[in-house]
Amino acid sequence: MTPPGPDGGIAGHPPVAERAGHAPVAERRLHPVTPFRRAWAPVAVLAGWGMHDPDGVQAQLARLTTTMLLTGLAVLVPLAGLYGFLSWWCTHYAVTDSELRIRTGLLFRRTAHIRLERVQAVDVSRPLLARVAGVAKLRIDVVGTDDKDELAFLGEREARALRAELLARAAGFAPETAREVGEAPARELLRVPPRELALSLLLTGATWGSLGAALVVPTVLWLTTHSLWTVLAAALPLVGTAGANGVGRFVSEFDWTVGESQDGLRIDRGLLDRAHETVPPGRVQTVRIVEPLLWRRRHWVRVELDVAGSRKSVLIPVAPRALAESVVARVLPGVTMPRRLSRVPRRARWCTPVRWRGYHFAVTDAVFATRSGLLGRTLCLVPHAKVQSVRLTQGPWERLWLLADVHVDAGAGKTVTARLRDAEEAARLLGEQAERSRTGRRDAPPDRWMTG
Amino acid sequence: MPGDELEWRGLRPALVRVRRLLLVVWAVVFAAGAGVPLGLLVGPAWAAVALLPVALAAWGWRLVPRNWRSWRYAERADDLLISRGVLWHEETVVPYGRMQLVEVTSGPLERRFGLATVQLHTAAAATDATIPGLDPAEAERLRDRLTELGEARSAGL
């Protein structure tokens, strides 16, 4: 670990005694800037109140005198400061050989024990203000954790060192060496140029759709009601959506870099808020390759993935197909992209008249793959090793046409469905898929990938 | 085709009795709830609406055994197979190594008729592997065997 910074001191606070036979574990505190992270909350509440009832606010403000305002501030500010300080004072974290412990709570004590071998990923994110203050947020993705289990904020250097240590321990390095391993060096695989990103957003229907809605709806409302407040109330969320879809995505996906290192794929991204994320090897449940209609001429694709216990979904916002596939091959080792997908039988047109043409399916040694969509196409891949259960369903209408659906359930709550296969083929598939997922698991790398 | 050489097991006949009992109870509740207010407030002829739940229940009375016959499960060497449904047929395969939790439940009505339900959970929320209407002893045997096999063949996420 780096030498303890201003937050490293735990003077006056004895470390928690372990169960008999275990050495006591040193507890650490978050960065002292943490109490200020919620400083905006009262302002937001006041602003929300103001938005909600503008006339009432004006009336209230008129009645307030300067003295009352000052007394209010004199009471509120120290109270908020005290609360911030106490909640910071009561938050500790400690890394043991097998788990990360986070102790929080002023009145209601809460201790989260996060098992290191279950850690899916550790991400460092630096929001704009945190970048100014030189601190970072550490989010630990584990199956079954919630938003509270993040360490915000840590000193920037400490966050990186802790992240490296957690990943090294999760990977199975011995505790003594885990601290010295440091962050594994990364090799850059892909960098999205700003021009390509901007163009890809311009070629996305959602950008134009939300922009159009933001322009049309307030205009129509103004013409029909002539009420400024109605127009504002409708326009603000729409403009917000349009901004998030266009500018927001550009800002958050700016300078998207995917690198490869021993502890998984690295994603660095963001113009204002920088994020540093990791996708550990072997934790990816499903991969989707999305191909919007307008991107097809340029052979661009977006790659999304699902990691159990993690909300992150985008691996590559936009990239040429060949390059994207080479990155996917790193995420799913030993997987080759299925080249020949089989169509559904012609009689499927009686079940879903137009869309049946879009349904494709393939199975290779390593993945179960389906493609759907006529205009924008989505290719879903599930490695056999990640299949949790296989289901075959057949409704009465499908039975009449001797068709059936095969569902493959992966972790992270995702199901990939091969729709409208021939009934006999589907029954065969059900048996074979169960067999494949079993053998696929046997060959899968171990959870602690450095020990395998 | 899976299942030709398998040892399929069915559910206990008592499940038909439980389901028919529930059917009758609900039919009476709905018939009374619809027929009595309508007959008193609108006119006696409207009380005939109460025949609708009764007719549906009569139809359901015949469907229950058909559905019961369609439910079956088989323990294979490495996975559990559950097959069910007449019109909407569904077959589920859950590899033992994927099971996170096996649950045996038995409500008051189920206990009265000597039944229990086994439910399997995997890491995928979509996995819907439930076997109702088992003999409690069989349910426990199944649970123990599944847990034992699950441990032996356990695989991570």
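In this text the structure is predicted, and so the values were computed from the model without any measurement.

Chemist: Please clarify how the environment of L23 of chain B should be interpreted in this entry.
Modeler: All names here are of chain B. By the element assignment, L23 lies in helix α1 (residues 14-41). Residues L23 and W61, 38 residues apart in the sequence, show an inter-C-alpha distance of 7.5 Å. Setting aside residues no more than four positions away along its own chain, L23 makes contact with A57, G60 and W61.

Chemist: I'm lost on the nonpolar core in this one. Help?
Modeler: The nonpolar side chains of soluble globular proteins are, as a tendency, buried together. Ranked by size, the top nonpolar core spans 37 residues in total, and within it V287, L315, I316 and L381 of chain A carry the most contacts. Discounting chain neighbours no more than four positions away, the residues touching L381 of chain A are Q285, T286, V287, V328, L332, M337, P338, V367, F368 and A369 of chain A.

Chemist: Before we go on, may I ask you to explain the sheet that holds strand β4 (residues 99-105) of chain B in this structure?
Modeler: Strands belonging to one sheet form pairs held by backbone hydrogen bonds; the direction of such a pair is parallel or antiparallel. Residues and elements named next belong to chain B. Taken in spatial order, the 3 strands line up as β4-β5-β6 in an open sheet, and their pairing is antiparallel. Because the sheet does not close on itself, it has two edges, and the strands there are β4 and β6 (129-134). Sheet twist, expressed as the average angle between the axes of neighbouring strands with direction ignored, equals 15°. The pairing of strand β5 (residues 116-122) with β6 spans 4 bridges and is classified as antiparallel. Of the residues in β6, the one forming a bridge with L120 is A129. Across the sheet, helix α4 (residues 136-152) touches β4, β5 and β6, and the angle it forms with β4 is around 170°.

Chemist: Teacher, can you tell me more about the interface of chain B and chain A here?
Modeler: Think of interface size as the accessible area that goes away when the parts come together; that is how it is often given. The interface is formed by 25 residues belonging to chain B together with 31 residues belonging to chain A. Surface buried jointly by chain B and chain A totals about 2200 Å² across both partners, of which 54% is contributed by carbon and sulfur atoms. Inspection of the chain B/chain A interface yields 1 salt bridge. With its nearest N and O atoms 3.5 Å apart, the salt bridge here joins R391 of chain A to E90 of chain B.

Chemist: Hey, could you run me through unusual backbone geometry in this one?
Modeler: Glycine aside, a negative phi is what most residues show, and trans is what most peptide bonds show. Residues and elements named next belong to chain A. One non-glycine residue, H299, lies in positive phi territory at about 60°. In this structure, H299 sits in the loop between β12 (284-291) and β13 (300-307). On the accessibility criterion, H299 (52% relative accessible area) is exposed. For L402, which is not a glycine, the phi torsion comes out positive at approximately 55°. As for its position among the elements, L402 is in the loop between α11 (396-400) and β20 (403-410). A relative accessible area of 53% means that L402 is categorised as exposed.

Chemist: Help me understand the confidence of the model for chain B in this model?
Modeler: Regions with low pLDDT carry predicted coordinates that are not meant to be interpreted in detail. Here chain B shows a mean pLDDT of 88. Residues at 70 or above account for 94%. For chain B, per-element mean pLDDT is lowest for β4 of chain B, which scores 87, and highest for helix α2 (residues 51-70) of chain B, which scores 93.

Cut-offs applied
- Residues numbered from 1 in each chain as written.
- Chains lettered and ligands numbered in written order.
- Predicted model: local features only at pLDDT ≥ 70, side-chain atom pairs only at ≥ 80, totals over all residues.
- Heavy atoms only, no water.
- Helix = DSSP H or I, 4+ residues; strand = E, 2+ residues; numbered from the N terminus.
- Contact = heavy atoms within 4.5 Å.
- Core = buried A, V, L, I, M, F, W, Y, C linked by side-chain atoms within 4.5 Å.
- Buried < 20%, exposed > 50% of the residue type's maximum accessible area, 1.4 Å probe, protein only.
- Pairing = 2+ DSSP bridges.
- Axes fitted to C-alpha atoms, helices over the stretch in contact; angles between N-to-C directions.
- Buried area = accessible area lost by both parts, 1.4 Å probe.
- Salt bridge = Lys/Arg side-chain N within 4 Å of Asp/Glu carboxyl O.
- pLDDT = per-residue confidence, 0-100.

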